[in-house]
Amino acid sequence: YRKEKGFGLIYGTEDKKHENFTTKAYNKYISSNALDPTAFPSLRKMEVEVVSMTLSMLHAPKTACGVMTSGGTESILCAVKAYRDRARSLWPHIKQPEMVLAKSAHVAFEKGAHYFGVKCVWVSLDEKTQNPNLEELKSKITKNCVLIVASAVQYPAGTMDPITQISDIAMQNGLPLHVDGCIGGFM
């Protein structure tokens, strides 16, 4: 990994002092399972603070909420379930929910679709730009669509979907848009 051949997989550094510091911190908690905030109340406090800061940064409405997860796949699984549950509440007539997403979307969306009974409706990529074909995306939206997915930036190739245009399509269809910010989403 020190030869920079592990993009997005290994988070090393050339700064030995920093690496020693993070190794000590990791070793201090390696045997702890920090999933239970009743055992680790500081985790709940941290989650509330991070979610609150994020909602503020994104100018979210007062009704918005969030959750901190342990990694990208878990985050995507939680998102797919949340959109499916939202659709069940808003559109109970939809019995076979679908999400429209580019072939370049993170593989965890397909896993979430399988787990939670949501059909993936794939959109091809432009050979030159590697962006989703927006006309095709529009044509794939049906009465069963409950979600559109976009990536900024996409893992593992690092391509950037045209978020503004996809957002416009989602808004025109009254659908939520999930933007997966897998690598550097807050930067």
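What you see is a predicted model, and the numbers here were worked out from it, not measured in a lab.

Chemist: What is the right way to look at a nonpolar patch on the surface in this model?
Modeler: Nonpolar side chains collect at one region of the surface, where Met-46, Val-50, Met-53 and Met-68 lie side by side and expose about 340 Å² of accessible area between them. Relative to the elements of secondary structure, Met-53 occurs in helix α2 (residues 41-57).

Chemist: Help me understand the packing of aromatic side chains in this model?
Modeler: Aromatic ring pairs: the centre-centre distance and the angle between the two ring planes describe each pair. The final tally for this structure, using the stated rule, is 1 aromatic pair. Residues Tyr-115 and Phe-116 carry aromatic rings whose centres are separated by 6.2 Å and whose planes lie at 90° to one another, so their mutual orientation is edge-to-face.

Chemist: Quick question: what am I supposed to make of the pairing of strand β3 (residues 145-151) here?
Modeler: Strand residues, when the strand is regular, have side chains that alternate between the two faces of the sheet. Across the 7 residues that make up β3, a large majority, 7, are buried. Pairing of strand β1 (residues 98-102) with β3, which is carried by 3 bridges, proceeds in the parallel orientation. The partner of Met-99 across the bridge, within β3, is Leu-147. The sheet contact formed by β3 and strand β4 (residues 177-180) spans 4 bridges and is parallel. In the strand pairing of β4, Ala-150 is matched with Val-179. Handedness of the crossover joining β3 and β4 through helix α6 (residues 163-172) is recorded here as right-handed.

Chemist: When you look at the layout of surface pockets in this model, what are you seeing that I'm missing?
Modeler: The gaps of empty space that remain are located by a probe, the size of a water molecule, rolled over the atoms. Considered as a void within the structure, the second largest pocket measures approximately 480 Å³ in volume. Examining the composition of the lining of the second largest pocket, we find that 5 residues originate from one element, α2, more than from any other. Each residue belonging to the lining of the second largest pocket can be placed in one class, and the counts come to 8 nonpolar, 5 polar and 4 charged.

Chemist: Would you mind going over the nonpolar core with me for this structure?
Modeler: Among the nonpolar cores identified, the biggest contains 19 residues, and Val-80, Met-99, Leu-101, Phe-109, Leu-147 and Val-149 are the most heavily contacted of them. Listing elements by their share of this core, those giving two or more residues are α3 (72-90), β1, α4 (107-116) and β3. No other element matches the 6 residues that α3 contributes to this core. If you look at the next biggest cluster of nonpolar residues, it comprises 12 residues, including Leu-137, Ile-141, Ile-166 and Leu-175.

Chemist: I keep staring at the sheet that holds β1 and nothing clicks. Help me out?
Modeler: Neighbouring strands of a sheet are bound in pairs by backbone hydrogen bonds; such pairs are parallel or else antiparallel. Here we have 4 strands laid out as an open sheet, ordered β2-β1-β3-β4, and parallel in their pairing. Each end of this open sheet is capped by a strand with a single partner; those strands are β2 (119-123) and β4. The mean inter-strand angle of the sheet, taken between neighbouring strand axes irrespective of direction, is 25°. For β1 and β2, the ladder comprises 5 bridges, and the chain directions are parallel. Note that in β2 the partner of Leu-101 across the bridge is Trp-122. Packed onto the sheet, α3 meets β1, β3 and β4 and runs at close to 180° relative to β4. α4 contacts β1, β2, β3 and β4 of the sheet and is inclined by roughly 150° relative to β2.

Parameters and conventions
- In this numbering scheme, every chain counts its residues from 1 along its sequence in written order.
- For this predicted model, a pLDDT threshold of at least 70 governs which residues receive local features, and a threshold of 80 or more governs which side-chain atom pairs are given and counted, while totals over whole chains, interfaces and linings are taken from all residues.
- With hydrogens and water excluded, all non-hydrogen atoms of the structure serve as input to the side-chain values.
- Residues with no salt bridge and a relative accessible area higher than 30% make up the patches, which join like charges within 9 Å and nonpolar side chains (Val, Leu, Ile, Met, Phe, Trp, Tyr) within 5 Å.
- In this description, accessible areas are obtained by the Shrake-Rupley approach with a 1.4 Å probe, and a residue is regarded as covered only by the protein chains that are shown.
- A pairing counts as a salt bridge when a side-chain nitrogen of Lys or Arg comes within 4 Å of a carboxyl oxygen of Asp or Glu.
- Helix and strand definitions follow DSSP, with helices as H or I runs of at least four residues and strands as E runs of at least two, each counted in order from the N terminus.
- Think of it this way: a Phe, Tyr or Trp ring, Trp meaning its six-membered ring, pairs with another when their centres are within 6.5 Å, and the plane angle makes it stacked under 30 degrees, edge-to-face over 60, tilted otherwise.
- With a 1.4 Å probe rolled over the protein chains alone, any residue whose accessible area is under 20% of its type maximum counts as buried; one over 50% counts as exposed, and the rest are partly exposed.
- In this analysis, strands are considered paired if DSSP registers two or more bridges between them.
- The handedness of a crossover follows from its direction of travel: if, with the strands pointing away from the viewer, the path from the first strand over the helix to the second runs clockwise, the crossover is right-handed.
- A pocket, in this scheme, is an open set of points on a 1 Å grid over the protein atoms alone with protein on both sides within 12 Å along at least 5 of 7 lines, while a cavity is a set where a 1.4 Å probe fits but cannot get out; residues line either one if an atom lies within 4 Å of a point.
- Grid points are joined across faces, edges and corners, and a volume is the space filled by probe spheres set on the points.
- Classification used: nonpolar for Ala, Val, Leu, Ile, Met, Phe, Trp, Tyr, Cys and Pro, charged for Asp, Glu, Lys and Arg, polar for all others including Gly.
- For this analysis, a nonpolar core means a set of buried residues of the types Ala, Val, Leu, Ile, Met, Phe, Trp, Tyr and Cys, connected via side-chain atoms within 4.5 Å.
- Axis lines are fitted to C-alpha atoms, over the contacting stretch for helices. Their N-to-C directions set the angle, which ranges from 0 to 180 degrees.
- We call two residues in contact whenever any of their non-hydrogen atoms come within 4.5 Å of each other.

Read these as spatial facts, not as claims about activity.
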